[in-house]
Amino acid sequence: DLENAQWYGFALAEPSGHLGIPVLEGSERGYKTVRIITDPNGFPLGVALLEASLASIDVETRSRIRMSYLVLILIIILVTVLFLRHARIIDYTKLYTDLKGVDQMKDDFLSMASHELRTPLTIIRGYADLISSAQGLSEQDKKNVNNISLAADQLNTLVADMLDVSRAEQGRLEFKLEPIATTVYVKELSESFREPAKQKGLNLVVEVPDLPSINVDKDRLRQALINIIGNAVKYTLQGEVKVTGGVEDAMVWIRVSD
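These notes cover the structure that comes with them. Small disclaimer: the values here were computed from a predicted structure and weren't measured. (Residues numbered from 1 in each chain as written. Predicted model: local features only at pLDDT ≥ 70, side-chain atom pairs only at ≥ 80, totals over all residues. Heavy atoms only, no water.)

1. Details of the packing of helix H4 (residues 182-191) against helix H6 (residues 218-235)
Okay, so step 1: Relative orientation of the contacting elements H4 and H6 amounts to 40°, with a least axis distance of 10 Å. Accordingly, the angle class assigned to the pair H4 and H6 is oblique. Regarding H4 and H6, the two cross each other, and that crossing is right-handed. Contacts between H4 and H6 involve Tyr185, Val186, Leu189 and Ser190 on the former and, on the latter, Lys218, Asp219, Leu221, Arg222, Leu225, Ile226 and Ile229.
Okay, so step 2: Of the residues that constitute the contact of H4 with H6, the class distribution is seven nonpolar, one polar and three charged. (Axes fitted to C-alpha atoms, helices over the stretch in contact; angles between N-to-C directions. Helix = DSSP H or I, 4+ residues; strand = E, 2+ residues; numbered from the N terminus. Parallel < 35°, antiparallel > 145°, perpendicular 65-115°, else oblique. Left-handed = near helix turned anticlockwise from the far one by under 90°. Contact = heavy atoms within 4.5 Å. Nonpolar A, V, L, I, M, F, W, Y, C, P; charged D, E, K, R; others polar.)

This is how it looks when you write it as structure tokens:
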């Protein structure tokens, strides 16, 4: 028809043989494109005329714009979450650094305190040994001096335990197992609490029979017995604290009751 012939003429007039013109039919926007179809030698064989409505393109564009807004919002949310997470990591890093500093201060304090406590303990132990070697001491005086020596040994063990805190945290705590005369060891430790028990009006009963020797770390055993017997004396209001022992199933047991 005449319109198509005009489009064909427009396309022939274009050097590229291709022409596109936007059109408006009523409220519908569109685009008309015409292109010359040629053979390999460039001889015109026909013409291709394409009419496209922009309504579908507008729908797709709006959809993509909405999708872009959604993606942008998600990106903003993700960036916010990452920022908050990063801020929390910074807080955790600072907290970890502070805790390491406090831990180092604790280790330094334990080391210093342990060193400072050993000096007066050595002096106490020295005077106790000096008194025990004096002539004319009664049996009660000898027992009192022996209790002073035992208390000094206990304090010395506690000082060593303060240093063991750091060793335990670092997995370097070692145990020295050696045979001990169980009955003598337990009786001597228990007797060191007789005076504190007497001051509270408590009766300290030590009934430990002849027990076989055992392989233990005697410092750890001393620490355990001091804690248990000491707590029994400290928290018993009246009556007695009793230390007993025995053998059952090839195991030596020590019992403290109040």
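2. Looking at a nonpolar patch on the surface
Okay, so step 1: Together, Met67, Leu70, Val71, Ile73, Leu74, Ile75, Ile77, Val79 and Val81 line one region of the surface with nonpolar side chains, adding up to about 800 Å² of accessible area.
Okay, so step 2: Judged by relative accessible area, isoleucine 77 falls into the partly exposed class, the value being 46%. (Patch = residues over 30% accessible without salt bridge, like charges linked within 9 Å, V, L, I, M, F, W, Y side chains within 5 Å. Areas by Shrake-Rupley, 256 points an atom, 1.4 Å probe, with all protein chains shown as cover. Salt bridge = Lys/Arg side-chain N within 4 Å of Asp/Glu carboxyl O. Buried < 20%, exposed > 50% of the residue type's maximum accessible area, 1.4 Å probe, protein only.)

3. What to know about the pattern of salt bridges
Okay, so step 1: Here the structure, examined in full by the defined rule, presents five salt bridges.
Okay, so step 2: For aspartate 98, the salt bridge identified is with lysine 94, shortest N-O distance 3.2 Å. With aspartate 98 and lysine 94 both in helix H2 (residues 55-132) and four residues apart, the pair spans about one turn of that helix.
Okay, so step 3: Its salt-bridge partner being arginine 222, residue aspartate 219 comes within 2.9 Å of it at the nearest N-O pair. With aspartate 219 and arginine 222 both in helix H6 and three residues apart, this pair spans about one turn of that helix.

4. Overview of the sheet that holds strand E5 (residues 203-207)
Hydrogen bonding along the main chain pairs the strands of a sheet, whether they run parallel or antiparallel.
Okay, so step 1: Overall, mixed pairing links the three strands, which are arranged E5-E7-E8 in an open sheet. Every interior strand has two partners, whereas the edge strands, E5 and strand E8 (251-257), have only one. Put simply, the sheet's adjacent strands are angled 15° from each other on average, direction ignored.
Okay, so step 2: By the bridge criterion, seven bridges tie strand E7 (residues 240-248) to E8 in an arrangement that is antiparallel. When the bridges of E8 are listed, valine 243 appears paired with valine 256.
Okay, so step 3: Packing against the sheet, H4 makes contact with E5, E7 and E8, and its axis sits at approximately 175° to E5.
Okay, so step 4: Packing of H6 onto the sheet brings it into contact with E7 and E8, and relative to E8 it is tilted by some 25°. (Pairing = 2+ DSSP bridges.)

5. Things to note about the packing of aromatic side chains
Aromatic rings in a pair are described by how distant their centres are and how their planes are angled relative to each other.
Okay, so step 1: This model, assessed by the stated rule, comprises zero aromatic pairs.
Okay, so step 2: One residue, arginine 255, lies across the ring of tryptophan 253, its end atom 4.3 Å from the ring centre. (Phe/Tyr/Trp six-rings, centres within 6.5 Å; stacked < 30°, edge-to-face > 60°. Lys NZ or Arg CZ within 6 Å of the ring centre and 35° of its normal.)

6. Observations concerning the environment of valine 252
Okay, so step 1: Relative to the assigned elements, valine 252 resides in strand E8.
Okay, so step 2: Relative accessible area serves as the criterion here: at 26%, valine 252 is assigned to the partly exposed category.
Okay, so step 3: The spacing of valine 252 and proline 212 is 40 residues in sequence and 7.8 Å in space, taken between C-alpha atoms.
Okay, so step 4: With residues up to four places along the chain from it excluded, the contact list for valine 252 reads Thr182, Leu211, Pro212, Ile214, Gly246 and Val247.

These figures come from the coordinates and say nothing about function on their own.
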